[in-house]
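The lines below spell out each chain.
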Amino acid sequence: MLNRVDLSNWLQNILIFQGLSAEQLIPLAQIAQLQTFGKDETIFHQGSDATGFFIVQAGRVKVFKTASNGKEHILHLLKRGDYFAEVATFDGKAFPASAIALESTELIFFPRLAFLDLLHQYPALAINMLTSLATRLRKLAQMVEDLSFKEVPQRLAAYLLDLSGRANGDKIINLDVTKTQLAAILGTISATLSRAFSHLHDKGLITINGSQIELLDRDRLQALSQNVELGDRF
């Protein structure tokens, strides 16, 4: 049983609910449901009916698409406070991707119809959701651009810089995913990713010690990530 008061207080820190009053958060907490999943347990399948959206309260979630040949592309790796499946909540169509728990995970689930009713009652909530969808659309547009116009070393450079930024600009970072997962995120295969790591190392941009990466030249990494040539193509 969820403690509705504690949950409404926690929801204040979630991006799509920021700025809402305590009175507006109470009905959100009232429709919320706690769902738990074990490691590698499926949350939903690509193509299944969209019943609502989720916020990660604990654990980690992988959202991914699978091609007809079985190749997987990771769209999002989500942690505490992240939310997902909100697009399908609006249009009522099937989930466009699959989601699984990467470890023991607790999710806060908001049923679609009950949530849509709240949007009609609270315009501020609807505006927050529109802002969220716009942000998601920009990220997807950037992903398409990267996959279309950037080679794997350039995508890897951008990922490492983003990871460093999330670690307060530290030059020594730890990969937050396995290299197999990272290959899927960057739209490539493990062998090509390994060559990309070697490419950045040979250029003097990074050093590699297992999952620990040291960024040696942030400016040149930035130039590479922005499609600026560094002398020879990969």
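A quick note: this is a predicted structure, and the numbers were derived from the prediction, not measured.

Parameters at a glance
- Residues numbered from 1 in each chain as written.
- Predicted model: local features only at pLDDT ≥ 70, side-chain atom pairs only at ≥ 80, totals over all residues.
- Heavy atoms only, no water.
- Helix = DSSP H or I, 4+ residues; strand = E, 2+ residues; numbered from the N terminus.
- Buried < 20%, exposed > 50% of the residue type's maximum accessible area, 1.4 Å probe, protein only.
- Contact = heavy atoms within 4.5 Å.
- Areas by Shrake-Rupley, 256 points an atom, 1.4 Å probe, with all protein chains shown as cover.
- Lys, Arg positive; Asp, Glu negative; His and termini not counted.
- Charge placed at Lys NZ, Arg CZ, Asp CG, Glu CD.
- Pairing = 2+ DSSP bridges.
- Axes fitted to C-alpha atoms, helices over the stretch in contact; angles between N-to-C directions.
- Parallel < 35°, antiparallel > 145°, perpendicular 65-115°, else oblique.
- pLDDT = per-residue confidence, 0-100.
- Salt bridge = Lys/Arg side-chain N within 4 Å of Asp/Glu carboxyl O.
- Nonpolar A, V, L, I, M, F, W, Y, C, P; charged D, E, K, R; others polar.

1. Examining the overall build of the protein chain
- A tally of helices and strands in the protein chain yields 9 helices and 11 strands.
- In terms of overall dimensions, the protein chain has a C-alpha envelope of 60 × 40 × 30 Å along the principal axes.
- Out of the 234 residues belonging to the protein chain, those deemed buried represent 43%.
- Nonlocal contacts in the protein chain, meaning residues at least 24 apart in sequence, comprise 70% of its contacts between residues at least 6 apart.
- Accessible surface, the protein chain as shown: approximately 12200 Å² in total, 52% of it carbon and sulfur.
- If the 23 positive side-chain charges of the protein chain are averaged to one point and the 24 negative ones to another, these points end up 3 Å apart.

2. Brief notes about the sheet that holds strand 9 (residues 172-174)
- Spatial strand order, 9-11-10: 3 strands in an open sheet with antiparallel pairing. Sheet topology places strand 9 and strand 10 (206-209) at the edges, where each strand pairs with a single neighbour. Neighbour to neighbour, the strand axes of the sheet diverge by 20° on average, direction disregarded.
- In the sheet, strand 10 pairs with strand 11 (residues 212-215) via 4 bridges, with the strands oriented antiparallel. Bridging across to strand 11, asparagine 209 finds its partner in glutamine 212.

3. Some details on the side chain of glutamate 86
- Counting through the fold element by element, glutamate 86 comes out in helix 3 (residues 86-91).
- For glutamate 86, a relative accessible area of 2% puts it in the buried group.

4. A closer look at the packing of helix 2 (residues 22-31) against helix 4 (residues 112-121)
- Here helix 2 crosses helix 4 at 170°, and the two axes come no closer than 10 Å. Looking at the two axes, helix 2 sits roughly antiparallel to helix 4. Here helix 2 contributes Pro27, Leu28 and Ile31 to the contact with helix 4, which in turn contributes Ala114, Phe115 and Leu118.

5. Digging into the confidence of the model for the protein chain
- Within the protein chain, residue pLDDT values average 86, and 93% of them lie at 70 or more.
- Contacts from residues 230-234, a stretch scored under 50 in pLDDT, to residues over four places away or in other chains number 13 contacts.

6. Observations regarding the sheet that holds strand 6 (residues 83-84)
- Spatially, the 4 strands line up as an open sheet ordered 1-8-3-6, and their pairing is antiparallel. Looking at which strands have only one partner, the edges of the open sheet turn out to be strand 1 (33-37) and strand 6.
- Here helix 4 sits on the sheet in contact with strand 3 (52-58) and strand 8 (105-111), set at roughly 60° to strand 8.

7. As for the pattern of salt bridges
- The full count for this structure, using the stated rule, is 6 salt bridges.
- When the shortest N-O distance is used, the salt bridge between lysine 62 and glutamate 72 registers 2.9 Å. Note that lysine 62 is positioned in strand 4 (residues 61-66) and glutamate 72 in strand 5 (residues 72-78), a separation of 10 residues in sequence.
- On the basis of relative accessible area, lysine 62 is assigned to the buried category, the value being 9%.
- Two residues, lysine 171 and glutamate 214, come together in a salt bridge whose shortest N-O distance is 3.5 Å. Here lysine 171, found in the loop between helix 6 (152-166) and strand 9, pairs with glutamate 214, found in strand 11; they are 43 residues apart in sequence, far enough to count as distant.
- Residue class for lysine 171 comes out partly exposed when judged on its relative accessible area of 43%.

8. Description of the packing of helix 6 against helix 8 (residues 190-202)
- Put simply, helix 6 and helix 8 touch, their axes get as near as 9 Å, and they point 70° apart. In terms of their interaxial angle, helix 6 and helix 8 are classed as roughly perpendicular. On helix 8, the residues that touch Val152, Pro153, Leu156, Ala157 and Leu160 of helix 6 are Thr192, Leu193, Ala196, Phe197, His199 and Leu200.
- Broken down by class, the residue content of the contact of helix 6 with helix 8 amounts to 9 nonpolar, 2 polar and no charged.

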